[in-house]
Each structure stands twice: as structure tokens, then as C-alpha cells.
Amino acid sequence: MIHAKLPKIWYGGDYNPEQWDKEVMDEDLRMFNLAGIDVATINVFSWALSQPNEDTYDFTWLDDIINRLHANGTYVCLATSTGAHPAWMAKKYPDVCRVDFEGRKHKFGKRHNSCPNSPTYRTYSERIAEKLAERYKDHEAVLIWHVSNEYGGYCYCDHCADAFRTWLQTRYTTLDQLNKAWYTGFWGHTFYDWEEIVPPNVLSDEEPGERSFFQSISLDYRRFMSDSLLDCYKLEYNAIRRHCPELPITTNLMGLYKELDYFKWAPYLDVISWDNYPSLDTPVSLTSMTHDLMRGLKDGQPFMLMEQTPSQQNWQKYNSLKRPGVMKLWSYQAVAHGADTILFFQLRRSAGACEKFHGAVIEHVGHEHTRVFRECAELGHELVRLSDKVLDARVKARVGIVFDWENRWAIGLSSGPTIALNYVDEVHKYYDALFQQNIQADLIGTNTDLTGYDIVIAPVLYMVKDGYAKRVEQFVHAGGTFLTTFFSGIVNEHDRVTLGGYPGELRNVLGIWAEEIDALFPDQSNQIQLNEQWGGLDGSYKCGILCDLIHAEGAEVKAVYGTDFYQGMPVLTVNKYGAGQAWYVASSPEPAFLQGLLGNLCQDKGITAPIPPVPGVEVSTRTNEQNESFVFILNHNDQATTIVLGELKGTDLISGDFIENAATLSAKQVLIIEV
Amino acid sequence: MIHAKLPKIWYGGDYNPEQWDKEVMDEDLRMFNLAGIDVATINVFSWALSQPNEDTYDFTWLDDIINRLHANGTYVCLATSTGAHPAWMAKKYPDVCRVDFEGRKHKFGKRHNSCPNSPTYRTYSERIAEKLAERYKDHEAVLIWHVSNEYGGYCYCDHCADAFRTWLQTRYTTLDQLNKAWYTGFWGHTFYDWEEIVPPNVLSDEEPGERSFFQSISLDYRRFMSDSLLDCYKLEYNAIRRHCPELPITTNLMGLYKELDYFKWAPYLDVISWDNYPSLDTPVSLTSMTHDLMRGLKDGQPFMLMEQTPSQQNWQKYNSLKRPGVMKLWSYQAVAHGADTILFFQLRRSAGACEKFHGAVIEHVGHEHTRVFRECAELGHELVRLSDKVLDARVKARVGIVFDWENRWAIGLSSGPTIALNYVDEVHKYYDALFQQNIQADLIGTNTDLTGYDIVIAPVLYMVKDGYAKRVEQFVHAGGTFLTTFFSGIVNEHDRVTLGGYPGELRNVLGIWAEEIDALFPDQSNQIQLNEQWGGLDGSYKCGILCDLIHAEGAEVKAVYGTDFYQGMPVLTVNKYGAGQAWYVASSPEPAFLQGLLGNLCQDKGITAPIPPVPGVEVSTRTNEQNESFVFILNHNDQATTIVLGELKGTDLISGDFIENAATLSAKQVLIIEV
Amino acid sequence: MIHAKLPKIWYGGDYNPEQWDKEVMDEDLRMFNLAGIDVATINVFSWALSQPNEDTYDFTWLDDIINRLHANGTYVCLATSTGAHPAWMAKKYPDVCRVDFEGRKHKFGKRHNSCPNSPTYRTYSERIAEKLAERYKDHEAVLIWHVSNEYGGYCYCDHCADAFRTWLQTRYTTLDQLNKAWYTGFWGHTFYDWEEIVPPNVLSDEEPGERSFFQSISLDYRRFMSDSLLDCYKLEYNAIRRHCPELPITTNLMGLYKELDYFKWAPYLDVISWDNYPSLDTPVSLTSMTHDLMRGLKDGQPFMLMEQTPSQQNWQKYNSLKRPGVMKLWSYQAVAHGADTILFFQLRRSAGACEKFHGAVIEHVGHEHTRVFRECAELGHELVRLSDKVLDARVKARVGIVFDWENRWAIGLSSGPTIALNYVDEVHKYYDALFQQNIQADLIGTNTDLTGYDIVIAPVLYMVKDGYAKRVEQFVHAGGTFLTTFFSGIVNEHDRVTLGGYPGELRNVLGIWAEEIDALFPDQSNQIQLNEQWGGLDGSYKCGILCDLIHAEGAEVKAVYGTDFYQGMPVLTVNKYGAGQAWYVASSPEPAFLQGLLGNLCQDKGITAPIPPVPGVEVSTRTNEQNESFVFILNHNDQATTIVLGELKGTDLISGDFIENAATLSAKQVLIIEV
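Residues numbered from 1 in each chain as written. Chains lettered and ligands numbered in written order. Predicted model: local features only at pLDDT ≥ 70, side-chain atom pairs only at ≥ 80, totals over all residues. Heavy atoms only, no water.

Looking now at the relation of the copies chain A and chain C. Of the transformation superimposing chain A on chain C, the axial component is 0.1 Å and the angular component is 120°, with the fit at an RMSD of 0.1 Å. With respect to symmetry, the two chain copies, as superposed, fit the operation of a three-fold axis. Closest to the rotation axis within chain A is the C-alpha of Arg104 of chain A, separated from it by 5.2 Å. (Least-squares fit on C-alpha atoms with pLDDT ≥ 70 in both.)

Once that is clear, we can look at the UniProt feature "active site" (unreviewed entry) in chain A. All names here are of chain A. UniProt records the feature "active site" (unreviewed entry) at Glu150 and Glu307, using the numbering of this structure. In summary, the annotated positions, though distributed over 158 residues, converge in three dimensions, the widest C-alpha pair being only 10.6 Å. For Glu150, the position within the fold is in the loop between strand S4 (142-146) and helix H6 (158-172). Taking the relative accessible area as the measure of exposure, Glu150 reaches 8% and is therefore buried. Setting aside residues no more than four positions away along its own chain, Glu150 makes contact with Arg111, His112, Asn252, Met254, Asp275 and Glu307. (UniProt positions renumbered as here; feature names shortened; annotations may be inferred. Helix = DSSP H or I, 4+ residues; strand = E, 2+ residues; numbered from the N terminus. Buried < 20%, exposed > 50% of the residue type's maximum accessible area, 1.4 Å probe, protein only. Contact = heavy atoms within 4.5 Å.)

A few words on unusual backbone geometry. In this structure, the amide linkage connecting Phe345 of chain B to the following residue, Gln346 of chain B, adopts the cis form with an omega of -5°. Among the structural elements, Gln346 of chain B can be located in the loop between strand S11 (339-344) and helix H12 (371-386). A cis amide bond, omega -5°, links Tyr502 of chain B with the succeeding residue Pro503 of chain B. By the element assignment, Pro503 of chain B lies in the loop between strand S15 (481-485) and helix H16 (507-510). Unlike most non-glycine residues, Asp495 of chain C shows phi in positive territory, near 65°. The topology assignment puts Asp495 of chain C in the loop between strand S15 (481-485) and helix H16 (507-510).

Moving on: the interface of chain A and chain C. Tallying the contact residues gives 49 residues for chain A and 58 residues for chain C. Both faces considered, chain A and chain C share a buried interface measuring about 4,700 Å² in area, 60% of it formed by carbon and sulfur atoms. Considering only the side of chain A, the residues that lose the most area to chain C are Lys110, Tyr318 and Phe357 of chain A, jointly responsible for 17% of the buried surface there. Taken together, the connections running from chain A to chain C amount to six salt bridges. Here Arg323 of chain A ties to Asp518 of chain C by a salt bridge, and the two come within 2.6 Å at their closest N and O atoms. (Buried area = accessible area lost by both parts, 1.4 Å probe. Salt bridge = Lys/Arg side-chain N within 4 Å of Asp/Glu carboxyl O.)

What follows deals with the sheet that holds strand S3 (residues 75-79) of chain C. Residue and element names in this part refer to chain C. Read from one edge of the open sheet, nine strands run S7-S4-S3-S2-S1-S11-S10-S9-S8, paired in parallel fashion. Strands at the two margins of the open sheet, each flanked by one partner only, are strand S7 (249-250) and strand S8 (252-253). Here S8 pairs with strand S9 (residues 273-275) via two bridges, running parallel. Each bridged residue has a counterpart across the sheet, and for Leu253 the counterpart in S9 is Trp274. Relative to strand S2 (residues 39-42), helix H3 (residues 60-72) is tilted by about 170°, and along the sheet it contacts S2 and S3. Across the face of the sheet, helix H5 (residues 119-136) comes into contact with S3 and strand S4 (142-146) while running at roughly 175° to S4. (Pairing = 2+ DSSP bridges. Axes fitted to C-alpha atoms, helices over the stretch in contact; angles between N-to-C directions.)

Before going further, it helps to examine the pattern of salt bridges. Evaluated as defined, the whole model comprises 136 salt bridges over all chains. Among the salt bridges present, the one from Lys389 of chain A reaches Glu674 of chain A, with a minimum N-O distance of 2.9 Å. Placement of Lys389 of chain A in the loop between helix H12 (371-386) and strand S12 (399-402) and of Glu674 of chain A in strand S27 (residues 670-674) is noted, with a sequence separation of 285 residues between them. A salt bridge links Arg349 of chain B to Glu363 of chain B; its shortest N-O distance comes to 2.6 Å. You can see Arg349 of chain B sitting in the loop between S11 and H12 and its partner Glu363 of chain B sitting in the loop between S11 and H12, a full 14 residues away along the chain.

Encoded structure:
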């Protein structure tokens, strides 16, 4: 869709020639071509350069850069430069600066420094986006618009407080409804005037470490802040759209970033783009899950890998080099999960400030005779050969895993029952259990249509939004397999408990009642004791963190607790409901259990892996509209690894070899088998 | 004393029907009666509800609730609702909001949010207490007044600064005396005008983590803050008393809570009440010690257990369920140590905000068919059967352990010699050594009369207040056994060192001189080497944290250090003084040593246990004015445990069985043997 | 030089008789004489006492104290009392109070509390110094001036912001040059007006934990703050000098203290003085290195030990006593490295406030019959016997180790490649490798003349200042041996990367190119594999933290990496350059490797130890102008230790014994062999 002008996997990344002399840019352009780099993201942080004061705009430097790139055959991803405001603006209009969580008014510095409800910021960010759109809307080099940069961070200033009150009036209409939704009878918090409401930070209802004393207020502030930043994005989006009706517009997201509800943002992005910065010790499957989440934001539409590092980061504790082959491996991992671009931060390393030790295609040495450049160039040439092969092809998953930012916030904010519960970790446990068996999943939001899936897994679905339980019931009734876990069905979207017994609105479909919830100390565990051998599951498995004490109310008990005073109570149940099944896992199990359980459920649904699982080898398939499939096989191991292909055979698009029966992949090798 | 209207162990707890519809309250009332619940604490956080603005008070909702409770046979513990101020008040009169330790002025939120020296808070909290007293003083349902809630937290605003200066003028009369007491010659801190004095926080003389650069200022600020909050309490107390001359008045304390000097508060409470929230890993004996401390605040007068959870907390890291039988066991533990009420927080779980995962008698499911409710009801019925049996009975301990908040503050604030010294831990070590031998102790303040005791133990009596050393001398001279430890007798009440050799004013009675104080690293230890076998003590024991290098000056040396350059110097001494003995333990010993030592001392005094100690079994005896005794035997073990009763025999008030010779208690079982 | 009036090692320390009654001072004077104490540092914190308000100065108390000391034969080190401002000044002129890193304006309290750019502080600190100088300039008792106390701490107030801008204008002349130096094109930080620049703290470009988002700004702020405090010092220095042309003037430094660039301070101190507070677990060689650093500040000129504790500190976590003999051992350690005074903090322990548990010659007991006093007196008498023997003698080291505060700041501020890199630790590793072999080193600054050295070691010379590479080239070309390490030659003094390949300006002399820099996790390591046995080096050694991936470009490869994808790449190289050698150590090695390497380099240069190394025995030699040498041999072991003397023989100045062949030193014993 976005590839009209350049129908291949875009290759390139962030580029800041304004930090350099012109001679350097000549060298860069030469090397871009050497490496097969065809896209440069520019103008990300040039606001102060283009607008040296309130009344002056000067884009001649940008004209020059774009024209030179264009002349070189390099396309442009054009940013709007509003990711950090100029110093003169902070001085003249302090409302652009944020008040932080501690209540401190900031001066000038860092990134992410603009208050999203600052009238000044809104006015001038929209204005410069508009000016850029007017100027470059028809430039042949421009492929796409890149609004601002990595939106994030909250503000607690008086402008935000006012905007929050307005936002609340829209949401609740009356204070009476707000008081009810927020449960303000507790601790005498009743509000009699909208003006009495203040943003929740350390000066009011929160403490550092995601601790809140009024969850519903804190939840709404997160929604409001996510919306406020989205409003800033939309202002720029619309300004561009007014002048440039056709080019796609996006902003670069940050994967699992906590503070923004990306499912609410996604409709306003023409294409999802995101920045992928795994560490040496990030589990491979967590990166895959994040790609799948980004893909899920727009229901499977391919996305852009907007940033990754060619070699190392600067902001991690220990910034290891990407080992030989890893950059390419992780690039194809992105493509395997739906990316249609591979872009770096950045093309040339900065010589100063805080990102000078962040890797780049062109290192400080300045020439092409480096390992990093060679690997980048090798990939660049492979991508040229791949041409438009996999573009727009989709991942066809039959399992959906629910990921919900509002639920995540609510769990994080909860006071009790345990600090050990981490929503992302719990989701990842289920994802990983499938991943290890070469079974693909979509990460889906709470608005995603469930009808396309055979299995829907909703780990720790603590918050059940209005209508969602009904949709789950319909899905199961129609034959779907639904699975959820301990600490689910507890609250509504205001974090108010659904009375009448946990898991609340899900109780009916699950056929159980959770009477109590036990929190285990980190050195404690319980066991999941299978009632009988079942597929890959037999005997007993460890579990912990939380243990729901449940009663079967119609559900069949598949396993019970092995110890403690609730020994013998159900820990795994399945409820037949219409044509389908609803499963409940009452505690957080060890991986072996989850692999067995999900293996069984997939087997029931006839969901199979394209090839048998081999440790360290990842498999992902994309299928295009012509039903051609591309099976990506990625060897994450540090040594050569042999896989058995079974039925699978076809041509490897990278090597051109025809692959069948079995194959031995060298360390970090990737196959893209066209079948 | 407090039980005139309801002569039994009151049973019930906090109740917030204003958070619910009326139908829910009907259900609650039904279930209260099912469970034997006869007391509800209400109106704790309803200030905003009763006073929606500055000029309006409306208690009709409260009338209704009290009347409905009364009609149901449920009595009322009536709170004054001033534990958190309304939002409108914070908006209109910001002086009610605190300035925190970091110097930040707060807005609205959380609990404990009122400045104790705020004119607004003082005016309006007194006024609403007065209005409540006028209205409900004669209501038959009301048993007792509950002022505010869990007083605590400091403020550092300008109102507090002014009040601090006034408080200091009263205390020191002249700046000259203040400068002397505070030792302001150090670091050029001399004050020439009262206005130069500022509250000690990060903006002046303190750092986070209880670090002070001027201990005497910090100590006085703690005294002042404790007094300021007490003044708030007294304003309400007097307002109530003006209208309601007879009903008891209390406020709920928090056991070992650090910030308030409860011994200074106790005279103004008609009955001590407190909130008991042990964690799964809280030592049993620490809970017992805390009960004994609360009992000691008013010289042994029985107290109220004002709050405990039926099942779990929400604010701990890992909120484990109370195992079956534990709630009942811990309830009787409170009674065994002097509680004459068993009240919960709370009777019905909140549906929203930050305490919704705090356990309650009635859980979110809303009915009585839960384990928690069943256990509560079982206890309720037992308490009905107990009737007025143990009411007002006293614990008759012959050992007193000194606990002093000012000493605790001073030790905590001390810069050097070690950060490893924790006052409460050291007190608990001595308490526990007795506890493990079934020997009861009173926790006593520095004003408590010593003449009733055979043994007085004062661990780490760093601060010796004016006249106290003389009282210790009199106690020992008259035949008492006194024991103190390393780092004692160092300073006076202004944290000024008593010159002339440690342990200062105690040197005479102890017959020793501590020349130096060595601080050990956490991985270091020394040994206590007995000079000869003595009772249960023989050989060598570990010690650490601090090691005083002492010289005997008349005292007999019972044990010496085993290693380091002070090997062979005394570590345990006893000084004969008049008819008594004064002991000095020069380091912090391992438990086995303390059990042996205190066992010996008790044996000397003929203090014996009612039954021989059995691990995990706690014994406590209450005796009433008719000299009837009730021996509580509590099995804290997870398994059945047999005890040998020896001479002890009598009827178990819970089961009605006659017990003699020996008994086997099931896990968590309690006996109350009337002898 | 400073010893004209009192030609011996001065002995005494801080003394605060103004905290005491006169009778106490009489006792003190008696005991000073008992202990051989002949110098008292007074008036350190007496500003508030001498100047009770803006218009009044009263030094009569000080006259009295000085006269009494003088009459007793005790000399005076006279402080200016400006180490903490009076409370009345903070109240009347809040500009004297600092704004801290968090942006909080402080009130009154603590130490180090004055803003260095406060007009009030500058005016009044200069004025009182001047008044003191006028009054005491000719007093026979006064030996030296002690300006303020332990300068340190930064301020971020508006006065500092203004002064910073002025400082920057002087440094950069134009904003254009500043923008270029600071690399403000990054993240749109371009400044168009000086007023837009704000101090870097949490409200702008820094975060706690030495994290900066603009290294060049943060670096300049550190330089500016160091200069600002130095300006304060210079104001007082000049005020004194105007009246008192001859007496030396100093201020007490703090060894490795991070915030001040002591090499920039040193020219303004007539003699270096510093405060030495090792902990029980401080490596012996780190204390020695710090002495050598202090000696290096003025190119080897002997220094003053201005403070140490006779027994224990108060501000460490676990304040262990100095074991018997340790105080004396560490005192001679200072002398061995160039100290010509031994002064304590303090002579009498304070009775109140936060340093009352800091050790003193006279303890709280108040008499001389303590272990601490006895040891102090023993040392005092030895120093009397030593007379002027070692005064002004120099340490003649042939190895120089570069220590640079600006480089240290830059490394600390760096975002990436690792948080594990600690500059001081890396310098200490090299120092310790020599120390363990009884080879002495000078710690030298980047302005120190290199020509006197055979070997110059510059660990982690990340920042190479203008002209320094040229000086290194000259040094090597002339025959010197230069050694540097990984992560060197990266940036210029503005923290801007030197392009064209690491190690930048050092690449030529080193003959290598560092292509990449790998950061290892704490549990990772690599190996240094020797190509062949070489002197004490053979086989393989561990290394870690960072691994430069280097290519030899003319340099000889002595060792290669043992594992990982850069196995076989060089890790130790030597480049012949002119008559000398330039070494590169590409990772951080284990101690055994460094001992072998530096042993080999010293052997090549004919640098030998005076006696063979024995574990725990330190050796240091001072040589005077008459070429008499004093070999200090210090036994840090807890047991007697035998050393072999070889050629070395002479009279031990402490015992008077003639020592030759071999000697057995008792635990903590010191020999000073005159040869």
C-alpha cells in the first residue's frame, strides 16, 4: 500500500546531514548507494534550525538536502521535526515545558519535552507541519510523512489539569457520574466542583513506582494523556493531509511502550511504524511478540520497522555489539512478522551529545571498510533481489492473544494482591509457549473481531470492558476456544469490581467461581496436578505468583492444586459452552505446562506447525493475496542447526537454492522459502 | 470499663454503607447477625459527605445508618470522619494541605493529608466533631467515639514552622538555652532570632532515610509533630467531651508506628485501640510484643483491637491469605495479650479505589458462603459464648521491657557508629527470648513505675532522660534486676553526650566503663565466651553489630570476647548494687545466648512459665480482679502439637472440655483454660 | 617550605574549644603536651560566632583561644570559618542558599550550604577572611591559613545560571562557536540567545546518577562550578595575602573527590592539604594512590595531611575502630608518600550534633587513659624524635600515571557503551599493579611535564585535550614508553568525537585502529592470549568491561582475544615510534596480567624495586636535596612479616636500630630506614 513509489522493502534510516559539513554528505550518498540504501528519514530534530524564532521559517537547508538525496536516488521519509521544541520557545513561552510527576516545572532540555496541552506547542507544531506539507507535498523524493518522534511522557501542569477537567466533563457529563465511576465515597474524595480535581501525581494521589491511591483517577489520567498526545499527532496529521492528500502519514511507535494506548492511536496512522531495540538478553520470542503486537494494531496490516541499530545502542546498561549476522537475522525477523521496511537509527553516527555511541551504518571512522557497513550492504543487496516479493503479504494466525493497554495500566496500578504480577510477562508466557512450537499468534486488542480465530487467549483479563464478556460468549458459543487466567474478570473499565463473585462477567462462560486469591511470596510455589495424562501433559507442574481458589460451577476440572490448604481445589478447568470451550488457568504456570496445554488446544483445533520445532529456530509464514506463502526460517543459534522440513519445500529467496526434506542452517542464517 | 452497654468482647469492625445502595445494607445487617457481629465502626471517611461545603452539614444519611444498625441490634463505634479532608477544603483553603519532606506543597489526594497546624483543619475538624457529639451523644447505639483515623505523617509548611518556633519558645524559653541544648556551636548553626529556625527536611538539616545533620533539631521536630497531631486529637476529644461526658473516646493507633510517641498520647485516650496487620512472615512474637506495647501504654489496661483483616491485606508486597484458623488464632492472640474487642477492617469489601483487595468479612461475592465468612461467624459465636469472661482481666508480668519512642528516634537519627542498629529489632530480641520460654513481659515506657517488676530490661538505652538513671538505681538498690546493653547511657534527651565515660549516668549502677564502640561489618561477628558454665549458658555464642570495649569497674565479668584485638575484654557483666543486680550485655547476641541469659535471670527471681515451652506454642495468662486466671494456649504450628500441662488444669472456655496433664492441639487451635 | 616556624612534622588537628567551657580547654592543653601535639586547627566553623549579625564582628573569643594555645606552646592553623554560613545570613539574604540538583531552593542547614555565585556569600566570606588576616597576620602562633573547609557541592540557582552564561561568553565568545562545540544540532538544541541556556539538572538536561543528555553542557557546568568555588577560594586567598604576605595559605582537599578539578586549584594553594578517610575495606594501594595524586597536584611538592581520624568515622555505614597500630601505620603511610604533617579531625570529640561519633584524640570520657590517646601520644613522641629528618624530601618516581578530572567527568557522563566503566577503578588497577611490585608512581595531570618519566600510563584516556597527543608523540619519540587502553582517544575537550577512526589523535603513535567497542555484561569475560611467553607473562588472562576490536596498523601484536567473534584480534599491541614504544591494552585485564605487563615494561626501563615485594608490605622512598633517602617499609598485615632487604641497609629512624639483610616487622610495624 505504501510502496507505490518504491515497490520493495525500503532500506535506510534516520539521517541528520545538518550536523555535518557538505563534504560528509557527499561521502554518505556514495556509501548509501554502495549499501543499497534507498530511504533516508530526515528532519526529525530540526525544528530549531528551520524556525530560529517565532516569526521566521527557513527551509532552504532542507530543500538542499532533499534535492541532493533525490539526485542520488535516495527517497525521503520526511519528519515534521516537532519531537523537541526549540530553546527560544521554552524561554519565551514556558507553557511548552512540562511539569513532571514530582510536580517540578521543567526548563529546557532533553527530548520529549513538550506539554501536550500547551497552547504554544499545539499552535507551532501544527504550523510547522503545515508549512512542511505545503512545501514538499509534491516532491518526488518524499515517500511518507513521519510526524514528530516517539511520542511519550506525561505532563502535570495547569494546562493539563484544565484539559483533564474538560476531558472528564466530556466523559462523565456530571460530577455525580464521575464520583460514582471513581468511587470517591472512599476516603472522602467526593468532588463538588470540577475545579477540585487535580492530576494524579506525588502531590495528589500517586507515588513513584506506579503506585496510586485512586486507581480510577490514575487510569483516566493515563487515557487522557494518551489522548492528549494523540491530539498533538492528529493536529499535525490533519495539517499535512490538508495539503497532501495521498502520501501515507505515520509516527514511530515503541512496541511495548507503556504510556500510550497504541490501539487507540492505530486508526490515525496510515501505516504502523515502530522502533525495535532489543538487548542482548531480550528473549527472541519477546521481540517476535512485539512485532506481532505492532502488526495487530491495524488488524494484520504490514508495518514499518522504522528504527533499529546496525550494531549497538548507547542507552542500555551494557551495550553489546550485535554479533555477526545478528543485525541481518533480526531484520528478517521483523519482515517475517510483517515488516515491509528495514530502517536504521541511524545512517551516520553523531559526533557529539548523548547518542554518539549509538551504532550507525556509517561509523565515526567515516568509511565503508567496517564490519557493520559490510553487513548492512550485504543485507541491502539481498533486499534489492527480494524486490517486491513479500510486500503486503499477511501472517495468517488462527490463535489470537489479547493485549490491552488499559488492562495493563489497571493491573500495574492495582494495590494488591501482589507486586509480582507483570502483565506483559504473563502475556509473553502464553505467546512463548506457542512460539516454541512454531505456532503463530496474532496480538489483538479488545476491539479486534474474534470471529477469525480458532483460539483466543486472554491472560490476566483483569479488566473486562463493556460488552466484551458478551463477545467472548458469542465466540465460544460459536465453537471457539477461549482461555483466560487467574485475576480475570475482576473490574470494569473504571476499575470498579464486578460484584457477585469473580471472574465477574466471565463467570458464566467459564463455569467457575473464584472465591479467594492467594498471593505467593517469591520463594513459594504450588503445583498443578493433572487429574490424568492428557496429550503432552501429565503429572505435576509448578505454578506461582497468584493462586485463585476456584470452584467448578459446571466446568470440568482438568487439574488441581498439589499443596497448601487449597490442595485438591481446581487449578485448570474447561467449560463447554455452546459449541466451544472456555478454559481457566487459576495460577501462573511454568513454561512446560503452558507448552503442553496450548499444544493440546491447538491439536484439538487442528492447528499445526509448518515444520517440527527445533530449539533456537524460529518459523514464521507470510501469505499474499495470490496465496503464495513465504516461510521464514531463522536460526537464532550460535551454531549450525539442522531442521526437518517434512512437507515443506521451495526456493529460498535469499540463496536461490531449492530446499526440501531437511536443511542445515549456519549460525544466524535465514531462509525465506517460497511455497 | 468500656463495656457497660455491651458486656462481651465486641465483635465487628469498619463499615462503609455510604459506598453502597440500601439493599446491600439490608443484606449486610442480615449477615452481621449470622456472624455474631455486634459492633460497626462508621463514619470514618465521610467528612466530604456530611459537609459538602463550608457552610453545610448534613447528617441525615448518618442518622439513617445508625438507626438501621441499632434496629438490627448492631452497636456503633462512631468515628469523627476527619481522617481525610474534603476536596473542596483543599481547593478553598490550601493551608490544609501538607508540605512534604522534600519541600513540595501538596494539592488534594491520598489519606493523612491534613497539616496538623493548619488553622482551617483545626477549626473544621473540631467543629464537625462537636456537631457529631451534639447529635449522637445520647444515641443508644453508640458505644464509643473514634477520633479521626490512624494519625500520622509530618508536615513542613510555614504554619508548622511558625508553630514549631512557638513550641520551642515554650520548651527553651531563651535562644541561648536552645543553642546550648541543640549544640549549635557545631557547624556554625547558632541562632540569633527564632525566625531563623526552619523545620528539618531536605531543604535544611535532613536527608531521606532518617538522616539528620543536627540530631537535636530533628528530635525536637519529631516531638513537635507528635504533639501537633496530638493537639488535633485533643481538640476533637474535648469537643466531644463537652457534650458527651460519659462515653469513652479513642483513636486507632498503629502499634510500632514510628512517627508518634504513643506514650505521650496514651493519657488522652480513654482506652487504647490499635490496628494489627502482621504479614505472613511477621514473627509471632513480634505481634505479641506489639500487643504488649499497646497494653503498656496505659499500664496494663485492656485495649481494643480496632482493626485486623479477616483474610488478606492489599498494601503488602505479597498479600497472602490468612490460612484456615489463622484469623481466629490471631484474634485470640490479641485477647490473650489484653484485647477486649475484635474488630475488622472491614465488614464489607469496597468495590473501588485502593483498598478493594483488602479482605473483609463480606467479600465481593456478597454472600455468606465463603470460607472467610464461615470462619468469622465461627469466631463470632465463640465470643458470644465467652460472654464477659475475660473482660478487664490483666496480664501480670514480672518482667518489664523498656520501649521508648524518643530513644528510638535518637538511635535512628544517629550518624554512626553503624547503620545496622535497629532499635525495635534489639528490643524484640530480648522479648523473644522470654516469649520462647513462655515468660510474659510488659512493654513499658520511661515513665512507667518500676517497682512492680522483678526484672527490667532496657535494650540499647542510648538516651537516658533526666532522672531515669536515679530511678534505675533505686530499682536495683531495692533488689531489682536491671539489664541494659551496648550503646546505652550515651546521651541526654537533647542527644547530647553525657561526658565522663560511657554508659554515662548508668555507669555507676552498672559498674563498668565502655571505652570504645566497635562497629562490625555485616559479615563480621565476635564471640561471647562464658567464663564458666552457668545455668543454661555454656561455651561460646555469636554476637555482632556493635561491640562495646568495656572495663569492669566493680562489676563481675561473666563472659568475655572471643576474638579480635579486644579478645578477653568483658562482654557480659553483672554489678551487685544494693540488694539487686545490674547487667550489661556489650554486644548484640544470637538468640540462644539471650534465652539462656534471661532464663537464668528469671530462675534467680523465681519467675516460671505456666507450662513448659513447646516450639510454636504461645502461652499468655490474664487474671481478673477476682483472681481468676485464663491461660491462653495458642498453637501457631501447621500441625497438631502436644503440650504438657503439669500443674495447670481447668476448663477450656472454647470447647468446654476439662483439660489436665497433657493436651494435643490441632493446627492453629486455641485453648482458654480457666483456672 | 611551610615549616619555618616549626621544623618538624606538624602534629595535631581540628580543635573547637568554642564548643566547651574554659576548664575543658585547660585539660585539653595539658593533654596536647602529653601527646606531643603542637598544632591546632581552629575557627573552622565559627562564622556565626564571630559575626552575630551583618554589622558586628567579635573576635575576642578567638583572641583568647589563640593566646591560650600560644601560651601552651601550641601553634595554630587558622581557618577562615566560611565553610558554612550563619543562619541569620540565610534568613536575611536567601541568595546564599543553594538550589539543588532537583531544583529545590534550600533554606538553612547542613554544611556546604553556600551558593558560590551568591553576591552575599562572596562579599561576606571575603570580608571576614580579610578581617582575620588583619587581626592575626603577625601572631606568632599562626603557622598557616586554612581557607573555608572541604569545598564542594554544586548550585543551580539563577545567580549561577547568570554566571554560567558569562563564563560561557568568555569561553566561546559567540553563540555560534558554543553551538558548534556543544553539538546543539542534535535534538534541536540550537541556542539563539545566551539567555536560553540553563544549568543542566533534572529540570533540563540531566538526570540523577550522573546521567546527562548533553555531555558537553554537563562538562562545562562541572568546569564552571569548579571554577566558581575556586573563585570563592581565591577571593579569600587574596584578602589574606593583601595583609599577610608570608604565611602559606591552603584549603583542605578531599583526595579523589569528584566535583572539583584539583589540578586547576593547585596553583592557587601554597601547599596542598587533604583529608584522608579510608574505610576498613579501602584497598591499601588506593590510599597510597590518593596520597600520590595529592602530591602530584603540585608536581611532587610535599603536602599536608590535614585530617584523618584517630579511631573511627561516623559517616560510614559501619564505622569500625582503627585496630591497634593502624592509626600510626596509616599516618606513616601518608608521610611515606609525601606528607609533612599529621593532623587529625579532631582533637576533642564533640558532645552533640552529627559528628559526635567521629573519633578524636580526646574521647568523650575526657582523660588520657584510653587506647586511642596512648597510640596518639606514642606517635607524637616518635615525631618529636624524627624532628626535621624527612621534611621536604621528595618521592622520585620514574613512572607517571595520568589522572584527569575532566576525562573522569566525561567518562562518567557518557551515555554508553557501558555503565560498568569507572575511571578511578581503571587508574587504580594500573597503580596497584606497580604498587604490588614496590614500584612507585606519580599521579600526574594532563599539564604535567612528561620529560622526567621513563613510562607514562594513561588509562582510559577517553578525552584527549588540545595538544596532548602531540606531547605524547614527543615523549615517545624521545624514547619514552607510553601506555593507554581501550576507550581512549575518543573525544576532544568538548566531548566531541575525533573522527577518522578511534583512538583518534592517538592513532598515529599507537599504530592501531579500533573499529568497534564491545560492552560485556558483568557475567561475561574474554581472554587475553599471549602470542608467546614474555617475561612474567604467559598463556591467557581474563579481561572484560569493554573490548576494543582493534586492527594493528604498524603496531606489533603481543596478545589476542581468546574467544567470541573477535577471537584472534589484537588485544595488546606495541608500536615502535621514534626511540620509544606506545602500548595499547584493548580491554580491562585481571590484576595478574597487569602486574606481568608493567613488570616487563619496568624491567625494560631498568626500573627496580628497593626490596623484593612481600604481600601486605608497602615500600615507599623519599629523598631529600642532599640525596639522603628514607625508605619507608610498612607492614599492613595482621601478623609479623619478614622481608629480605638485599642491598638496602641503614638505621631505622623510629627504633634507632640498624637494619640489614632481612627484618621481621611485627603486625602494623613501620620502619623508616635512612640510607
